[in-house]
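Each chain, written out:
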Amino acid sequence: MRKLLCPQCKVPSMYVKNGRGERRVVYVTVEGGVVARTEGESLDGFDLDTVYCMGCSWSGSPKRLVRM
């Protein structure tokens, strides 16, 4: 699976949050899909419109991520 990278620090690891502030580690595929890092984890209830970089302070739309 090819992953998109943070536009600021070029790290592929992101996370998303839900309404209770819980985090789930994700990757964003080159097709724009947000997938959980751990296979089988559900992303139900998580806001997939905003991703947060695990390597720096960047956050934003998955559409703003870059290819390597």
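Residues numbered from 1 in each chain as written. Predicted model: local features only at pLDDT ≥ 70, side-chain atom pairs only at ≥ 80, totals over all residues. Heavy atoms only, no water.

Student: I tried to follow the sheet that holds strand β1 (residues 14–17) on my own but got confused; where do I start?
Tutor: Taken in spatial order, the five strands make up an open sheet running β3-β2-β1-β4-β5, and their pairing is antiparallel. Lying at the two open borders of the sheet, with one neighbouring strand each, are β3 (34–36) and β5 (59–60). With two bridges connecting them, strand β4 (residues 51–53) and β5 associate as antiparallel partners. In the sheet register, Tyr-52 faces β5, and the bridge partner there is Ser-59. (Pairing = 2+ DSSP bridges. Helix = DSSP H or I, 4+ residues; strand = E, 2+ residues; numbered from the N terminus.)

Student: How do you make sense of the packing of aromatic side chains when you look at a structure like this?
Tutor: Each pair of aromatic rings is reported with the distance of its centres and the angle of its planes. What the rule picks out here adds up to one aromatic pair. If you follow Lys-3 out to its NZ or CZ, it ends over the ring of Tyr-27, 4.1 Å from the centre. Positioned above the aromatic ring of Tyr-52 is the side chain of Lys-17, whose terminal nitrogen or guanidinium carbon lies 4.8 Å from the ring centre. (Phe/Tyr/Trp six-rings, centres within 6.5 Å; stacked < 30°, edge-to-face > 60°. Lys NZ or Arg CZ within 6 Å of the ring centre and 35° of its normal.)

Student: Help me understand the pattern of salt bridges, please; the structure alone is not making it clear to me.
Tutor: Should their charged atoms come close, side chains of opposite charge can pair. Per the counting criterion, the structure on display carries two salt bridges. Where Glu-41 meets Arg-24, a salt bridge forms, and the shortest distance between an N and an O atom there is 3.8 Å. Remark: Arg-24 occurs in strand β2 (residues 23–28) and Glu-41 occurs in the loop between β3 and β4; sequence separation between them is 17 residues. (Salt bridge = Lys/Arg side-chain N within 4 Å of Asp/Glu carboxyl O.)

Student: Could you clarify how one ought to interpret the side chain of Ser-13 in this entry?
Tutor: Looking at the secondary structure, you find Ser-13 in the segment before β1. Classification of Ser-13 by relative accessible area gives buried; the value is 17%. Apart from the residues within four sequence positions on either side, Ser-13 is in contact with Val-26, Tyr-27, Tyr-52, Cys-53 and Met-54. (Buried < 20%, exposed > 50% of the residue type's maximum accessible area, 1.4 Å probe, protein only. Contact = heavy atoms within 4.5 Å.)

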